[in-house]
Amino acid sequence: RIVAGLRRRDVDVTTAADEGLLGASDDQHLARAAARGRVVMTSDRDFLRLVDEGERHPGVLFIVPKTTVGAAVRAIAIAAQVLDAPDMEDRVEWIP
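Residues numbered from 1 in each chain as written. Predicted model: local features only at pLDDT ≥ 70, side-chain atom pairs only at ≥ 80, totals over all residues. Heavy atoms only, no water.

Participant: Could you give an account of the side chain of Thr67, with specific residues and numbers?
Facilitator: Assignment of secondary structure puts Thr67 in the loop between β2 (60–63) and α4 (69–82). Among the polar contacts made by the side chain of Thr67, one reaches the main-chain carbonyl oxygen of Val64 at a distance of 2.5 Å. Apart from residues no more than four positions distant in its own chain, Thr67 is found in contact with Ala72, Ile95 and Pro96. (Helix = DSSP H or I, 4+ residues; strand = E, 2+ residues; numbered from the N terminus. Polar contact = N/O pair within 3.5 Å; in protein donor to acceptor, adjacent residues only side chain to side chain. Contact = heavy atoms within 4.5 Å.)

Written as structure tokens, this is what we have:
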């Protein structure tokens, strides 16, 4: 539902399914995102562990548990407008 809301707002979003990554490891997700210059949007805490271990990444938007869909869509849409790729490199933004 978050992806649908972002797409309605014309935010450029690609999903794991779009990329053929369903069931792939978190490392594979990060590697694909890095190769494509895409920020990872997730609520999976394992990504936080990976980036805490020093794994280089194009950026992570971490959706805090219990965040409503509407709040997540609004916060991510704003982030997409104000942050560009260099701003997000090796950075974690907490949503909301």
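Participant: An account of the pairing of β2 is needed here, citing residue identities and associated values.
Facilitator: Two faces make up the sheet, and in a regular strand the side chains alternate between them. Side chains Val60 and Phe62 of β2 all project onto a buried face; the interleaved residues Leu61 and Ile63 project onto the opposite face, where all are buried too. In the sheet, strand β1 (residues 40–42) pairs with β2 via three bridges, with the strands oriented parallel. Across the sheet, residue Thr42 finds its bridge partner in β2, namely Phe62. Handedness of the crossover joining β1 and β2 through helix α3 (residues 45–52) is recorded here as right-handed. (Buried < 20%, exposed > 50% of the residue type's maximum accessible area, 1.4 Å probe, protein only. Pairing = 2+ DSSP bridges. Right-handed = clockwise from strand over helix to strand, strands pointing away.)

Participant: Describe in detail α3, supporting the description with residues and values.
Facilitator: Within the sequence span of α3, burial applies to Phe47, Leu48, Leu50 and Val51. Taken end-on, α3 shows its buried residues confined to a sector of 160°, consistent with a single buried face. As for α3, its buried residues are in contact with α2 (26–36), β1, β2 and β3 (92–95). The N-terminus of α3 is capped by Asp44, whose side-chain oxygen sits 2.8 Å from the backbone nitrogen of Asp46. At the C-terminal side of α3, Gly54 shows a positive phi close to 95°. (Arc of directions from axis to C-beta.)

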